[in-house]
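What follows is each chain in one-letter form.
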Amino acid sequence: MKNHTIIFNNPVYINETATIAGPKEGKGPLKNYYNNILENDLLKEKSYEKAEIKIHTSAIKQLLNRSNLTSKDIDCYFGGDLLDEIISSSFTMREIDGPFFGIYNACATFAEGLILASCLISGRLINRAVCSVSSHFATAERQYRNPLELGSQRTPLSQWTVTGGAAALLETSNKTNIAITYGTVGKVVDFGVTDANNMGAAMAPAALDTIMTHLGDTGRDVDYYDLIVTGDLGHAGSRLLITMAKSKGIDLTKNYNDCGVLIYNREAQKVEQGGSGPCCSGLVFCGYLYTKLKMGIYKKILLVPTGALLSKTSSLQKESIPGIAHALSIELV
Amino acid sequence: MMLDKEKQKEYLAEVRKEMPKTKHFSTMLKAFITGGLICCVGQSISLLIKHFFPEFDEKTVSGFTTMFMILITCVLTGFGIYDKIGSFGGAGSIIPITGFANSIVSPAIEHKREGIILGLCANMFSIAGPVIVFGISASILVGIIYLFI
Amino acid sequence: MEIFLTYLKVFLVGGGICLIGQILINLTKMTSARILVTFLLTGIFLEAIGVFEHIKNFAQAGATIPILGFGSNLAKGAIEGAKSSGLFGALTGGVKAVAAGLGGAIFIGFIIGVISNAHSKS
């Protein structure tokens, strides 16, 4: 470990991914990169929470199927989501026979899982791990904002919680040559943003902090990467990050993008600032970016999922919104 | 890491520069049209009630008009239509009595899955509760003030 | 012609009230609960100082359909109650006057809540 960056000397291979996208995501620009697209986001369940659990479960089961493994072959599962007490992940694991770590870093949960799993695998403590995340528009909307049927306007700053589930299989052995080489663990950064609709502004400082720490620790340059991709800063949040990075002497205009920007067609799908939620980076990475890595179009990616660590209670008590971001260097080796 | 207060202000000023501006004109126009139309619907209902039941006094007519407006809203909310009117009209769909009815029925529908008593009934006034508390308290205050003048 | 003029007044006043509300939302990012409370209290205040009666005579449903009308009914009931039966009237008059709206909203809201389900958005 160098400063805040963990060096995975024994490479950790991402050998398989599975994605389940909601109906709206399935109409977005990345629709060809998902394994499954749902036609209905209730899935004939009694509640949207139950539907999210079902999505999460089938993401993991599909991952196991695709890699010809059973649930017992996995040494450790890392899962997380947005709901109170991360019920979607925990309840998912009732169906799956395996040791489980439930984790929460809001929308950066996917990166947290990947880093933790990579540590164990690279240290040769375990051989195989599954990292999974899920989120659902209807469950997040109810928990963080208003009832679905309340006639209220979405502010121009708002973001759309991604519906879907994503899972990735991490192993010591190389079936593919896609490997996690570095992981930079982020700090909780709070710049005093209190508007719960403006999560891009709350998370951008955390993303910048982590990107700078990563570049400093590894001695790499921005140009080293084919793509630096943040989690869910949205359109305005990414612009803010680019401006802030420029003032620190980092040029992000060439090879930078944001999963929240990539996942929807902003104009046609009326999503204001773009997507959000743990599955935003989950779907974009496991679907789109993973395919591009496999095809060799991208060779070196810095994935920086970002999370806004707020709750409805903290917002009502006028607390500002702390942000966090973890960075993962994913390369063809 | 928490930024100190001075730097926070600088950052928030920078954020304001980057963030998209609210479209004042179009939202205001939409609110005006939606609100105006809802009031016209109310006017038509009260005229119809007056027409068919000429024996009703003014209070009864206005009571029935309100109930009718609430009924229409609740049905539209149940079918998932009122929130579309709401996302178009903004304040135009919140301020009429229909917005009040929507704010009662929408959490009721949302929390039905946690049971009728602790879910639906307990959450019915999660948004409209303050309206009733403030309304009744203020009216009692006004009544008491009138006792002394 | 007269009916057209009436509707024009209803539309302009009702729409105008909502327009003021939208300005408040745009400038202060108020949520629906706060907007409703603000306008309700405005209605009570306007009734208490005797202005609301004039607006109502001018614009009819344009003044009574917005939540202002609900507030004015509350205040009017309380004032009338206070005049006719003293303290007891002041305490009960407001609720009595809005019983139609309140009772209707609770009853219909309950029924609709029981029979319908929340829809996800796309």
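Relevant structure appears above.
Fair warning: this is a prediction, and the values are worked out from it, not measured in the lab.

(A) Highlighting the overall build of chain C. Of regular secondary structure, chain C possesses six helices and zero strands. Across chain C, helices and strands are ordered from the amino to the carboxyl terminus as α-α-α-α-α-α. Seen through its principal axes, chain C has C-alpha atoms that stretch 55 × 40 × 35 Å. Within chain C, residue pairs in contact and separated by at least 24 positions form 60% of the contacts whose partners lie at least 6 positions apart.

(B) Molecular detail of the overall build of chain A. Of regular secondary structure, chain A possesses 10 helices and 15 strands. Taken over the C-alpha trace, chain A has a radius of gyration of 18 Å; the compact-globule value for 333 residues is 20 Å, and the two agree within 12%. Projected onto its principal axes, the C-alpha positions of chain A cover 50 × 50 × 35 Å. Evaluated residue by residue, chain A yields a buried proportion of 58% over its 333 residues. Taking contacts inside chain A between residues at least 6 apart in sequence as the whole, the part at least 24 apart equals 78%.

(C) Representation of the interface of chain B and chain C. Contacts between chain B and chain C engage 62 residues on the former and 65 residues on the latter. Those elements giving two or more residues to the side of chain B that touches chain C turn out to be α2 (24-52), α3 (58-78), α5 (91-94), α6 (97-110), α7 (116-123) and α8 (129-147) of chain B. Here the element with the most residues in the side of chain B that touches chain C is α2(B); it accounts for 15 residues. Per-class residue counts for the side of chain B that touches chain C are 38 nonpolar, 22 polar and two charged.

(D) Local environment of the packing of helix α1 (residues 2-28) of chain C against helix α3 (residues 52-59) of chain C. All names here are of chain C. Put simply, α1 and α3 touch, their axes get as near as 8 Å, and they point 135° apart. What the angle tells us is that α1 and α3 run oblique. Contact residues: α1 offers Lys9, Val10 and Val13, while α3 offers Ile55, Phe58 and Ala59. Among the residues making up the contact of α1 with α3, the classes are represented as five nonpolar, no polar and one charged.

(E) Seen up close, the environment of A:Val193. Here A:Val193 is to be found in the loop between β8 (178-184) and α5 (199-218). In this structure, the C-alpha to C-alpha distance between A:Val193 and A:Phe100, residues 93 residues apart in sequence, is 34 Å. Contact partners of A:Val193, with chain neighbours within four places excluded, come to A:Asn198, A:Ala201, A:Ala202, A:Ser320, A:Ile321, B:Leu12 and B:Val15.

About the criteria used
Residues numbered from 1 in each chain as written. Chains lettered and ligands numbered in written order. Predicted model: local features only at pLDDT ≥ 70, side-chain atom pairs only at ≥ 80, totals over all residues. Helix = DSSP H or I, 4+ residues; strand = E, 2+ residues; numbered from the N terminus. Contact = placed C-beta atoms within 7 Å. Rg over C-alpha atoms; globule rule 2.2 N^0.38 Å. Buried ≥ 20, exposed ≤ 12 C-beta atoms within 10 Å, placed from the backbone. Nonpolar A, V, L, I, M, F, W, Y, C, P; charged D, E, K, R; others polar. Axes fitted to C-alpha atoms, helices over the stretch in contact; angles between N-to-C directions. Parallel < 35°, antiparallel > 145°, perpendicular 65-115°, else oblique.

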